[in-house]
Amino acid sequence: MTGSAVGVSFRPGELEVRPDGSGNLLGSRCGDCGAHFFPVREACSGCLSSNLETVPFSTEGVLYTFSIVRQSTPAFEVPYALGYVDFPEGVRIMGQISGIELDEIKIGMPVVLSLEPFGEDDEGNTLTGYRFVPAEAHSD
Ligand SMILES: [Zn+2]
C-alpha cells in the first residue's frame, strides 16, 4: 500500500481534511452560550457548560497581528511569518503566513486557510497541515 494522495490531517482533532483536498479547522461551539473555541475543548470557559459540540470554522479570517520568525529548528526554513488570525466565529488562531512577501504582510488583511503537505507519517501517508495565505492570491 502506498500513502493516500490527499493526505491525512497532521492533527485530526484540529484540522479536518476532505477527500477533495479541502478542509476546515475544527473547534468547539458552546451549545449554551454560543461561544467558539480553538482547539476543541471539553468545557466552555465563558459559562462553564460542558455542552460543547465540534464544529468546522470558516476558512476566511483577518490577520490580527504577526511577527517574523528568524530563528527556528532546522525543520523550518527561516525567516517566516507567524500570525494570529481572527475568524468570524470569534476565535483567534495562530499559524504560519505564506504566499506573500514578508514585507508585504499587513495587519488587517484578509487571509484564507490553505492546506499544505507537511511531511509523511510512519505509513507513508502525506500529512496535511495548514497555513494562512492572502485572500487575493487565492483564486478558486
Ligand atoms: Zn458557554
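On a predicted model such as this, the values are computed, not experimentally measured, just so you know.

Q: Hey, could you run me through the nonpolar core in this one?
A: As a rule of thumb, nonpolar side chains are buried together in soluble globular proteins. Within the largest apolar cluster, 18 residues are counted, with the highest numbers of intra-cluster contacts made by Leu25 and Val85. Going through the elements one at a time, strand S2 (15-17), strand S6 (60-69), strand S7 (80-86), strand S8 (92-97), strand S9 (110-120) and strand S10 (126-134) are the ones with two or more residues in this core. The element best represented in this core is S9, accounting for three residues. When neighbours within four sequence positions are excluded, Val85 is seen to be in contact with Gly61, Val62, Leu63, Tyr64, Arg92, Ile93, Gly95, Val111 and Phe132.

Q: I tried to follow the pairing of S10 on my own but got confused; where do I start?
A: Walk down a regular strand and you will see the side chains alternate between the two sheet faces. Note: strand S1 (residues 8-9) against S10, two bridges, orientation parallel. Counted as the bridge partner of Val8 is Leu127 from S10. As judged from the eight bridges shared by S9 and S10, these two strands associate in the antiparallel manner. For Ser114, the partnering residue across the bridge sits in S10 and is Arg131. Following S9, the chain reverses through five residues before pairing antiparallel with S10; Gly124 in that reversal takes a positive phi of roughly 85°.

Parameters at a glance
The numbers attached to residues start from 1 for each chain and follow its sequence in the written order. Reporting of local features is limited, given that this is a predicted model, to residues whose pLDDT is at least 70; pairs of side-chain atoms are given and counted only at 80 or more, and all residues count toward the totals for whole chains, interfaces and linings. Connectivity within a nonpolar core runs through C-beta atoms within 7 Å, and the core itself is a set of buried Ala, Val, Leu, Ile, Met, Phe, Trp, Tyr and Cys residues. Exposure classes come from backbone-placed C-beta atoms, where a residue is buried if 20 or more other C-beta atoms lie within 10 Å of its own, exposed if 12 or fewer do, and partly exposed in between. Each helix is a run of H or I in the DSSP string that is no shorter than four residues. Each strand is a run of E no shorter than two, and both are numbered from the N terminus. Contact definition: two residues whose C-beta atoms, as placed from backbone geometry, lie within 7 Å. Between any two strands, pairing holds if DSSP finds at least two bridges.

None of this, on its own, says anything about what the molecule does.
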